[in-house]
Amino acid sequence: MSATLDAPSSDIDPFSEAFFADPHRFHATLRDAGPAVRLSVYNIWAVAGYAEVHAMLHDWEIFSSARGVGIQDFAREKPFRLPSLVLETDPPKHDRARNVLNKVLSPGNMRGLKARFAAEADALVARLLAAGTCDAVTDIAEEYPLTVFPDAVGMPKENRRFLLPYGNMVFNSFGPQNSFFTDAVRDAGVVFDWVQRQSQRDALAPTGFGADIHAAADRGEITHEEAPMVVRSILTAGVDTTVSGLGAAIYCLARYPDQFAKLRADPTLARAAFEEAVRYETPVQTFFRTTTRDTEIGGVPIAEGEKVLMFLGAANRDPRRFDNPDAYDITRKNAGHVGFGSGVHECVGQVFARMEGEAMLTALARGVTAMEICGPVKRRYNNTLRGLASLPIRLH
Ligand code: OVM
């Protein structure tokens, strides 16, 4: 702790196409370079080891979210959008909105959705089996969340697909203003206006997560001005993330037929198969924190006001934490993975996300004997999310 290390540095660009195409070897380089590495391209710090990422996630007082969890420093630049009341705040301010979401998205409030989730997943698998081949990204990983999530929120049917470009914009905005970002925000005006409208009480059904959030304002837990912002948070965080997660799970099961065979033999492993895909592919790859004072990470001194990039995906494949980390193994003990984060900001929608994953993988395990990749797999590059653009599969 007292010994000061020379700061290792690297010219790796973690927001480049080369990085996104094959992140794992860069992750290994960063993990092995030191506990914190200076990235010369952006003048930021990078942390890729499990122990260090986990420690940062649990130290919100030093590693703050209030100056933004992207590369932008809200203390120096105007935020890209009105800052989120949960994601981009620290306790105690954070806790009011968080407590509302904790209740709205609690296991108890979610129980009533389970039968609907299973029925929708079974019906989707039946339709896809009849068609024979499909694109697992558009036809499953996007289709399923775009049905069950807006239904649960209480959104109208029209324009639900706007949630995808919206998520793509916001998750790109946590990175630098590179071409991934500028391409994503081209139609930002229309989509942002739509999201703002959808967050208002009168745009939402009288029951559902949206109505529940506005009802919390009636009880004084948040203000009526804050309620649409809290709805915005679930619309931002609730779709693209689960699209990437479901895509990751299906991609894993299609690539590793021995794991799909295990799942088919015991469909109660569906939940574990989804969880392991979240560790293995880590849909949300990175988030930043900003230091509130001079500190150190593993003996590397870090000054106050520095942006520190946490590589959740690298932490989830750290061989110092997980045995044989590059194997997708649905029976491994992966508790402690940081695919949903950890600490005060740990994913508030994880119960919902896991329910989607469990329902979809259960339906596939029961209804499908084999999944074959039958065309070129294409990745979708995004400054924060790791996911696919296309996964052609044949279902048997
Ligand atoms: C929010 C928000 C946005 C993106 C992600 C997220 C992963 C939350 O607006 O609160 O959590």
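In case you missed it, the structure is sitting above this.
All values reported here derive from a predicted model rather than from experimental measurement.

Digging into the nonpolar core
Link 1 in the chain: Of all hydrophobic cores here, the largest spans 110 residues; its most connected members are Phe209, Ile213 and Leu263.
Link 2 in the chain: Looking at this core element by element, the count peaks at 10 residues for helix α7 (residues 136-153).
Link 3 in the chain: Those residues in contact with Ile213, other than ones at most four positions away along the chain, are Val100, Leu101, Val104, Ile222, Ala227, Val230, Val231 and Ile234.
Link 4 in the chain: Within the second largest apolar cluster, 17 residues are counted, among which are Ile12, Phe15, Val37 and Phe311.

Quick notes on the site of the ligand
Link 1 in the chain: In the vicinity of the ligand, the contacting residues are Arg81, Ser84, Val86, Leu87, Phe171, Ser233, Thr236, Ala237 and Phe287.
Link 2 in the chain: A distance of 3.1 Å is found between an oxygen atom of the ligand and a side-chain nitrogen or oxygen belonging to Arg81.
Link 3 in the chain: In this structure, Ser84 approaches the ligand through a side-chain N or O atom, which is 2.7 Å from an oxygen atom.
Link 4 in the chain: Protein chains bury 86% of the 300 Å² of accessible surface belonging to the ligand in isolation.
Link 5 in the chain: It is helix α12 (residues 227-237) that provides the largest number of residues to the shell around the ligand, a total of 3 residues.
Link 6 in the chain: The residue makeup of the shell around the ligand, split by class, is 5 nonpolar, 3 polar and 1 charged.

What to know about the packing of aromatic side chains
Link 1 in the chain: If you walk through the whole model with that rule in mind, you get 21 aromatic pairs.
Link 2 in the chain: Centroid distance Phe80 to Phe192: 5.8 Å. Interplanar angle 90°. Geometry classified as edge-to-face. Highlighted residues: Phe80 in the loop between β4 (63-64) and α4 (93-104) and Phe192 in helix α10 (residues 188-198), separated in sequence by 112 residues.
Link 3 in the chain: Ring geometry for Tyr256 versus Tyr280: centroids 6.2 Å apart, planes at 85°, classification edge-to-face. Here Tyr256 is found in the loop between α13 (240-255) and α14 (257-265), whereas its partner Tyr280 is found in helix α15 (residues 270-281), with 24 residues between them in sequence.
Link 4 in the chain: According to the relative accessible area criterion, Tyr280 is buried, its value standing at 5%.
Link 5 in the chain: Members of the aromatic cluster, connected to one another through ring pairs, are Phe117, Tyr144, Phe149, Phe209 and Phe352.
Link 6 in the chain: One residue, Arg25, lies across the ring of Phe26, its end atom 4.4 Å from the ring centre.
Link 7 in the chain: One residue, Arg317, lies across the ring of Tyr280, its end atom 3.9 Å from the ring centre.

A short note on the packing of α7 against helix α17 (residues 350-367)
Link 1 in the chain: Contact geometry for α7 and α17: axes closest at 11 Å, N-to-C directions at 130°. Taken as axis vectors, α7 and α17 run oblique relative to one another. The way α7 lies across α17 gives a crossing that is right-handed. Contacts between α7 and α17 involve Ile140, Tyr144, Pro145, Val148, Phe149 and Ala152 on the former and, on the latter, Phe352, Glu356, Ala359 and Met360.

Quick notes on the packing of helix α8 (residues 163-173) against α12
Link 1 in the chain: Across the interface, α8 lies against α12 with an axial gap of 8 Å and an inter-helix angle of 95°. Taken together, the axes of α8 and α12 are roughly perpendicular relative to one another. Here Leu163, Tyr166, Val170 and Phe171 of α8 lie close against α12, whose contacting residues are Arg232, Leu235, Thr236 and Ala237.
Link 2 in the chain: For the contact of α8 with α12, the class distribution of residues is 6 nonpolar, 1 polar and 1 charged.

Details of the pattern of salt bridges
Link 1 in the chain: Applying the stated criterion across every chain yields a total of 30 salt bridges.
Link 2 in the chain: Linking Arg67 and Asp73 is a salt bridge whose minimum nitrogen-to-oxygen distance equals 2.9 Å. Asp73 carries the same exposure label as Arg67, and that label is buried.
Link 3 in the chain: In this structure, Asp151 engages Arg116 in a salt bridge whose closest nitrogen and oxygen atoms are separated by 2.9 Å. Taken together, the residues span a long stretch of sequence, with Asp151 in helix α7 and Arg116 in helix α6 (residues 114-131) at a distance of 35 residues.

Analysis parameters
Residues numbered from 1 in each chain as written. Predicted model: local features only at pLDDT ≥ 70, side-chain atom pairs only at ≥ 80, totals over all residues. Heavy atoms only, no water. Core = buried A, V, L, I, M, F, W, Y, C linked by side-chain atoms within 4.5 Å. Buried < 20%, exposed > 50% of the residue type's maximum accessible area, 1.4 Å probe, protein only. Helix = DSSP H or I, 4+ residues; strand = E, 2+ residues; numbered from the N terminus. Contact = heavy atoms within 4.5 Å. Near = heavy atom within 4 Å. Polar contact = N/O pair within 3.5 Å; in protein donor to acceptor, adjacent residues only side chain to side chain. Areas by Shrake-Rupley, 256 points an atom, 1.4 Å probe, with all protein chains shown as cover. Nonpolar A, V, L, I, M, F, W, Y, C, P; charged D, E, K, R; others polar. Phe/Tyr/Trp six-rings, centres within 6.5 Å; stacked < 30°, edge-to-face > 60°. Lys NZ or Arg CZ within 6 Å of the ring centre and 35° of its normal. Axes fitted to C-alpha atoms, helices over the stretch in contact; angles between N-to-C directions. Parallel < 35°, antiparallel > 145°, perpendicular 65-115°, else oblique. Left-handed = near helix turned anticlockwise from the far one by under 90°. Salt bridge = Lys/Arg side-chain N within 4 Å of Asp/Glu carboxyl O.

The values are spatial; any link to function lies outside them.
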